[in-house]
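Now for the letters of each chain:
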Amino acid sequence: MLQPPPIILSFSANDSSGGAGIQADTLTLASKGCHSLPVITAITVQNTVGVHDVMPLDSRWVLDQARSVLEDITVQAFKIGMLGSVENIVAIAKILSEYPDIPVVLDPILSSGRGDELANEEMIAAICKLLLPQTTVVTPNSVEARRLVGNTGRSPDEQDLGRCSKKILNMGCKYVLVTGTHENTHQVTNILYTDSGVLRSDIWHRLAGSYHGSGCTLAAAIAANLANGMPVSEGVYEAQEYTWQTLKNGFHPGMGQYLPDRLFWARNKGGHSK
């Protein structure tokens, strides 16, 4: 019998556009040679333009979905995306506490690319109190990093983001990857922080356009790399490279944002390179 691929349990919302959420996780993980166990946290009404409505699932359903597969299948990593409610955060934190040796990658989705609010202050407090202490790598963009520590102002000051990251690390997580896509800079700088300071800083060419699901793609790719046994620093860099390529090869199926092409490598092999 063949050895199974690395298996990752992903908590996130359904996105019927296929651009973000559980669909983005499943596509990314498959592209990276992993098998996804998708646990739905909410149903959304959204498209490439924005999120129009969200219906969180009952937390018992979230708990039961996860418990059902975890009683049957061994996982190598957890990936957490959109949460839907405080009750779901409590349920997921309970699951994580039962598997303390499994790496956790948390994408703290607080709003959509258009700015639609997806997490209120009570949810942010629950994320900080219950999930961050159990997280291996958290991947906020610069706006999310500031919101997690209660700083709602915007500043291009890298030292400001360093202070935010230190506060997030003090909440208990091991690594903070702050992405710079929301900063007003010519290039995108992503910085990985740990307790000892900056572990790595990577600069990427800023691509034109706006992308739906880029953060989901990055966090899922990191989870895949950790599940494959990569060290965190190497896994974070490789996930950035993969994500940048999905954006470079992105496509524009609707009237809103571009979608990352998570299977760009397969399409390129088939003679459809861009």
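Further up the page is the structure itself.
Cut-offs used in this document
- Residues numbered from 1 in each chain as written.
- Predicted model: local features only at pLDDT ≥ 70, side-chain atom pairs only at ≥ 80, totals over all residues.
- Heavy atoms only, no water.
- Helix = DSSP H or I, 4+ residues; strand = E, 2+ residues; numbered from the N terminus.
- Rg over C-alpha atoms; globule rule 2.2 N^0.38 Å.
- Contact = heavy atoms within 4.5 Å.
- Expected span 1.5 Å × (residues − 1).
- Buried < 20%, exposed > 50% of the residue type's maximum accessible area, 1.4 Å probe, protein only.
- Core = buried A, V, L, I, M, F, W, Y, C linked by side-chain atoms within 4.5 Å.
- Phe/Tyr/Trp six-rings, centres within 6.5 Å; stacked < 30°, edge-to-face > 60°.
- Polar contact = N/O pair within 3.5 Å; in protein donor to acceptor, adjacent residues only side chain to side chain.
- Salt bridge = Lys/Arg side-chain N within 4 Å of Asp/Glu carboxyl O.

Asks: Is there a simple way to think about the overall build of the protein in this case?
Replies: Along the backbone of the protein there are 9 helices and 9 strands. Taking 2.2 N^0.38 as the reference for a compact globule, 274 residues should give roughly 19 Å; the C-alpha atoms of the protein span a radius of gyration of 17 Å, in line with that estimate. Summarising its shape, the C-alpha atoms of the protein cover approximately 45 × 45 × 40 Å along the three principal directions. In the protein, the proportion of contacts linking residues at least 24 apart, taken out of those at least 6 apart, comes to 66%.

Asks: Would you take a moment to explain helix H3 (residues 86-97) for this structure?
Replies: Counting along an α-helix, one turn takes 3.6 residues, and residues three or four places apart therefore face a common direction. In this model H3 runs 17 Å from its N-terminal to its C-terminal C-alpha over 12 residues, within 8% of the 16 Å that 1.5 Å per residue would give. Turning to H3, its buried residues number three or more, namely Val86, Asn88, Ile89, Ala91, Ile92, Ala93, Ile95 and Leu96.

Asks: What am I meant to see in the nonpolar core here?
Replies: For soluble globular proteins, the rule of thumb is that nonpolar side chains tend to be buried together. Ranked by size, the top nonpolar core spans 45 residues in total, and within it Leu9, Phe11, Phe78, Ile127, Leu131 and Ile168 carry the most contacts. Considering each element in turn, this core owes the most residues, 7 residues, to H3. Excluding anything up to four places from it in sequence, Phe78 contacts Ile8, Leu9, Phe11, Leu70, Ile95, Leu96, Tyr99, Ile102, Pro103, Val104 and Val105.

Asks: How do you make sense of the environment of Pro56 when you look at a structure like this?
Replies: Relative to the helices and strands, Pro56 resides in strand E3 (residues 51-56). For the pair Pro56 and Ala13, spaced 43 residues apart in sequence, the C-alpha to C-alpha distance is 8.3 Å.

Asks: Before we go on, may I ask you to explain the packing of aromatic side chains in this structure?
Replies: Centre-to-centre distance and the angle between the planes together describe a pair of aromatic rings. Taken as a whole and judged by the stated rule, the model has 5 aromatic pairs. Here Phe11 and Phe78 contribute two aromatic rings whose centre-to-centre distance is 6.4 Å and whose plane-to-plane angle is 25°, an arrangement assigned as stacked. With Phe11 in strand E1 (residues 7-14) and Phe78 in strand E4 (residues 77-80), this pair connects stretches of sequence that are 67 residues apart. Judged by relative accessible area, which is 0%, Phe11 ranks as buried.

Asks: Teacher, can you tell me more about the side chain of Thr28 here?
Replies: Structurally, the position occupied by Thr28 is in helix H1 (residues 21-31). The exposure class assigned to Thr28 is buried, which follows from its relative accessible area of 0%. Of the polar contacts made by the side chain of Thr28, one reaches the backbone oxygen of Ala24; its length is 2.8 Å. In contact with Thr28, other than residues within four places in its own chain, are Thr217, Ala220, Ala221, Tyr242 and Arg262.

Asks: Explain the pattern of salt bridges here, please?
Replies: Close approach of charged atoms lets side chains of opposite charge pair. By the definition in use, this model includes 10 salt bridges. As a salt-bridge pair, Arg200 and Asp202 come within 2.7 Å of each other at their nearest N and O atoms. A relative accessible area of 21% means that Arg200 is categorised as partly exposed.

Asks: I'm lost on the side chain of Thr44 in this one. Help?
Replies: Mapped onto the elements, Thr44 comes out in strand E2 (residues 35-46). Owing to a relative accessible area of 5%, Thr44 belongs among the buried residues under this scheme. Polar contacts involving the side chain of Thr44 include one to the main-chain carbonyl oxygen of Asn14, which spans 2.6 Å. Within the structure, the side chain of Thr44 is placed 2.7 Å from the side chain of Gln46, a separation counted as a polar contact. The contact partners of Thr44, leaving out residues within four places of it in the chain, are Ala13, Asn14, Asp15, Ser16, Asp53, Val54 and Met82.

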